[in-house]
Amino acid sequence: MPSLVPIDAAVLDQMAAADARGQAGLTPRAFAQFTRALTRTTWGQAHLRPVALVDEAAQLLASALLYRLPAVVDGHPLTICTVGDVIAYGDTAAHAASLIARVTEEVATWCPGASIIATIAAEGAAVPDGFHVVATTESTLVVTESTRRGAPMAPVRSGEHDDLPFLVDVPRLGAPAPRFCIARDVDFMAFTLTRKRLLAGLAASGSRQLWFLVVEEGMRAAAYVVISATEGRWMIESCGDRDPTGARIGAILQMLIAREPAEHRPVISAWLPPGFLPPQVTVASTGPSPVRLCVRALAHAPALDTWPADEVAYWHGDLV
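Residues numbered from 1 in each chain as written. Predicted model: local features only at pLDDT ≥ 70, side-chain atom pairs only at ≥ 80, totals over all residues. Heavy atoms only, no water.

## Here we look at the overall build of the protein chain
Each helix and strand counted, the protein chain has 9 helices and 15 strands in total. Considered along the principal axes of its C-alpha atoms, the protein chain spans approximately 65 × 45 × 35 Å. Across the 320 residues in the protein chain, those meeting the buried criterion constitute 50%. Considering only contacts in the protein chain between residues 6 or more positions apart, those separated by 24 or more positions represent 71%. If you sum the accessible surface of the protein chain, you get close to 14800 Å²; carbon and sulfur atoms cover 53% of it. (Helix = DSSP H or I, 4+ residues; strand = E, 2+ residues; numbered from the N terminus. Buried < 20%, exposed > 50% of the residue type's maximum accessible area, 1.4 Å probe, protein only. Contact = heavy atoms within 4.5 Å. Areas by Shrake-Rupley, 256 points an atom, 1.4 Å probe, with all protein chains shown as cover.)

## Focus on unusual backbone geometry
Even without being glycine, Ala58 reaches a positive phi, approximately 65 degrees. Structurally, the position occupied by Ala58 is in the loop between β2 (48-54) and β3 (60-73). According to the relative accessible area criterion, Ala58 is partly exposed, its value standing at 41%. Within the chain, Asp74 stands out as a residue other than glycine whose phi angle is a positive 50 degrees. Examined against the element boundaries, Asp74 turns out to sit in the loop between β3 and β4 (76-88). Its relative accessible area of 41% is what places Asp74 among the partly exposed residues.

## Some details on helix α1 (residues 9-17)
For α1, the full list of buried residues reads Val11, Leu12, Met15 and Ala16. End-on view of α1: buried residues confined to an arc of 140 degrees, all on one side of the axis. Looking at α1, the residues exposed on the side facing more than 90 degrees away from the buried face are Asp13 and Ala17. In this structure, the buried residues of α1 make contact with β1 (3-6), α2 (28-38), β2 and β3. (Arc of directions from axis to C-beta.)

## Some remarks on the sheet that holds strand β11 (residues 220-230)
The strands making up a sheet associate through backbone hydrogen bonding, with each pair oriented either parallel or antiparallel. With respect to topology, 7 strands assemble into an open sheet ordered β8-β10-β11-β12-β13-β7-β14, the strand pairing being mixed. A strand with exactly one partner marks an edge of an open sheet, and here the two such strands are β8 (156-158) and β14 (281-288). When strand polarity is set aside, the average angle formed by the axes of neighbouring strands in this sheet is 30 degrees. Note that β8 and strand β10 (residues 209-217) share 3 bridges and pair antiparallel. Paired with Ser158 across the two strands is Leu213, which belongs to β10. Those strands touched by helix α7 (residues 186-202) are β10, β11 and β12 (233-241), and its axis lies near 140 degrees from that of β10. (Pairing = 2+ DSSP bridges. Axes fitted to C-alpha atoms, helices over the stretch in contact; angles between N-to-C directions.)

## What to know about the pairing of β2
Summarising burial for β2: 6 of the 7 residues are buried, a large majority. Inspection of the sheet shows β1 paired to β2 by 4 bridges, in the antiparallel sense. Paired with Leu4 across the strands is Leu53, a residue of β2. A loop of 5 residues connects β2 with β3, the two strands running antiparallel in sequence, and Ala58 in this loop sits at a positive phi of about 65 degrees.

What follows is the structure, given as structure tokens:
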């Protein structure tokens, strides 16, 4: 019978040599490096646990990263165990389903105190047995440009780790406040940035970029945007602004587009909080996200899948 075990050096070696694709199309060796690096981050050491499903001969069948995420529901703390970066080796559907089922059975061991177990289902993937899809809306955005094709006068620069303490307490954008959100602190923000930087750095050369940009006010960061760019598409991973209108976020987007006025405009997507839209941005289309959050309530946790989309808010970079 297959066993669920922590990923050690031997399993990492099997992952590196496997005939499979990791997160965001990484090669097996790159994904093994990605996994090893995440476990060495400050947040990862406390909240991340790589696990593998192996057969009786200790051969790798599937792997995943378990994230112990603190969340807030109706103002009260709640812990979520997220099964992320699931990869199957061989019989993809069966091995991935078996790993998720085994984690669900042993969630108390792997993620003590969890009230909800969640996993991400990519476009076209089946929803695991016993799980339900949480409504997640993905918007395609259009940025208003100056007729002079110039950038706005905003003090935009690359973000740094020292900016995070000023950004983590930026009020969550949108109104009213969502009933469910991920609780973010400095270490978690640093982890999500590191994760995206690793995905960009380990991907094929030039195929993926990550931008972390901030606007300064009074010698400190007052707004930020994190964007993943790949093949003419931008995904806003997260953003924040002390101005409740989000105007500085819109200025950053205008600046990015103004850098290359002759180029084709990118397709910009985001999981926007309810009620939030910078004044320089319009929504071209809105629909269900192709990447779905699947949840299963444990104990007396709320059934998030029954809540309307405007009561559940999280950034793409928090989970994917």
